[in-house]
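Given next are the chains, with one letter for each unit.
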Amino acid sequence: MLPKNVKKLIAVASGKGGVGKSTIAVNLALALSRNGEKAALLDADIYGPSQPMMLGSAGERPLIQNRTIQPIIRHGIQSISIGNLVDANAALTWRGPMLGKALEQLMFDTAWEADYLVVDLPPGTGDVQLTLCQKMSVSGAVIVTTPQDLALSDVRRACEMFKKLNVPILGVVENMSGYHCLQCGHEEKIFGEGGGKKLAGEYGLELLGSIPLDLRIREMTDSGNPPVIQDPASHHAAIFFAMAQKLSEKLASQPKDYSSRFPKIVVEGGRK
């Protein structure tokens, strides 16, 4: 089941924290929009929402009409996050079932109008991920990793989860693939090399792109103006644009789901 007026749902996941998954998710959504698609972004990290800061909407409350949330518009994309509904420093001490319910409300009670809804998932393989995959029609997942073996060991668990839940994995993104010195131009593989390519090979997936560890990406994203918006002609933005194009092509080849257009048929009783 998809939210009303959403055509495709893309989950961005890692199974591990600290790999830059949210940075990938926001720039991917923005790149899809700049490529001519109607794009939206759902921040599903209930405990640690970061998209309001990355989109420059921190402290902004969405309009709620007739129990329907109107998404916040930033840089041409629609977005919603629990961070837009609670105080910035509030610590949410919710148990698992409450997380799943919160995700369902954000997903289905928001007035989306999107070709692509990108869902920024939290770390791990817990309640939020299970709720998304079991109750919603996920068109595909993008797996984010860093090159080092420690990250790969956790990211493999996310791949296995999507396989068990029959969610197509669209490809792998390697973040922090190398550090480029702004002074001398030297490149250093701080976190190792080839981890994303290795993971993609293990699961027969495409390596969608490799994102360098660059101070400018962090500064622009933290300021609420990610590279795709602030510096669309940059090398960094070009990687995200190419990634968005690859995903659009992959998803366009999927068969369309018409199940939501048909009523449920219930047969009661039996032959007498």
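The structure this text deals with has already been given above.
Rules and cut-offs
Residues numbered from 1 in each chain as written. Predicted model: local features only at pLDDT ≥ 70, side-chain atom pairs only at ≥ 80, totals over all residues. Heavy atoms only, no water. Salt bridge = Lys/Arg side-chain N within 4 Å of Asp/Glu carboxyl O. Helix = DSSP H or I, 4+ residues; strand = E, 2+ residues; numbered from the N terminus. Buried < 20%, exposed > 50% of the residue type's maximum accessible area, 1.4 Å probe, protein only. 1 Å grid on protein atoms, 1.4 Å probe; cavity = no way out; pocket = protein on both sides within 12 Å on 5 of 7 lines; lining within 4 Å. Points joined across faces, edges and corners; volume = space filled by probe spheres on them. Nonpolar A, V, L, I, M, F, W, Y, C, P; charged D, E, K, R; others polar. Pairing = 2+ DSSP bridges.

Caption draft 1: Fine view of the pattern of salt bridges. Taken as a whole, this structure holds eleven salt bridges when the rule is applied. For Arg74, the salt bridge identified is with Glu60, shortest N-O distance 2.5 Å. Of this pair, Arg74 sits in strand E5 (residues 72-74) while Glu60 sits in the loop between helix H2 (51-55) and strand E3 (64-65), and the two are 14 residues apart along the sequence. Assessed through its relative accessible area of 25%, Arg74 is described here as partly exposed. Residue classification places Glu60 among the partly exposed positions, given a relative accessible area of 29%. Across the pair Asp214 and Arg216 runs a salt bridge whose closest N-O atoms are separated by 2.8 Å. The class of Asp214 is buried, set by a relative accessible area of 6%. With a relative accessible area of 38%, Arg216 lands in the partly exposed category. Through salt bridges with shared partners, a single ionic network connects Lys16, Asp154 and Arg157.

Caption draft 2: Representation of the layout of surface pockets. The space that makes up the second largest pocket amounts to roughly 400 Å³. Looking at the second largest pocket, it is lined by 25 residues, and the ones nearest its centre are Val19, Gly20, Thr23, Asn175 and Met176. Tallying contributions element by element places helix H7 (residues 215-222) first for the lining of the second largest pocket, with five residues. Per-class residue counts for the lining of the second largest pocket are ten nonpolar, nine polar and six charged.

Caption draft 3: Broad picture of the pairing of strand E8 (residues 140-145). In terms of burial, E8 is a largely internal element, six of the six residues being buried. Here E8 shows a buried face lined by Gly140, Val142 and Val144 and a second buried face lined by Ala141, Ile143 and Thr145. Examined bridge by bridge, strand E1 (residues 6-13) and E8 share four bridges and lie parallel to one another. By the bridge assignment, Ile10 is partnered in E8 with Gly140.

Caption draft 4: Representation of empty space enclosed by the protein. For the structure shown, the criterion picks out one cavity of 30 Å³ or more. Taken as a whole, the largest cavity encloses approximately 30 Å³ of empty space. Mapped by element, the contributors of at least two residues to the lining of the largest cavity are strand E2 (39-43), H2 and strand E6 (77-81). A breakdown of the residues in the lining of the largest cavity according to their chemical character gives five nonpolar, five polar and one charged.

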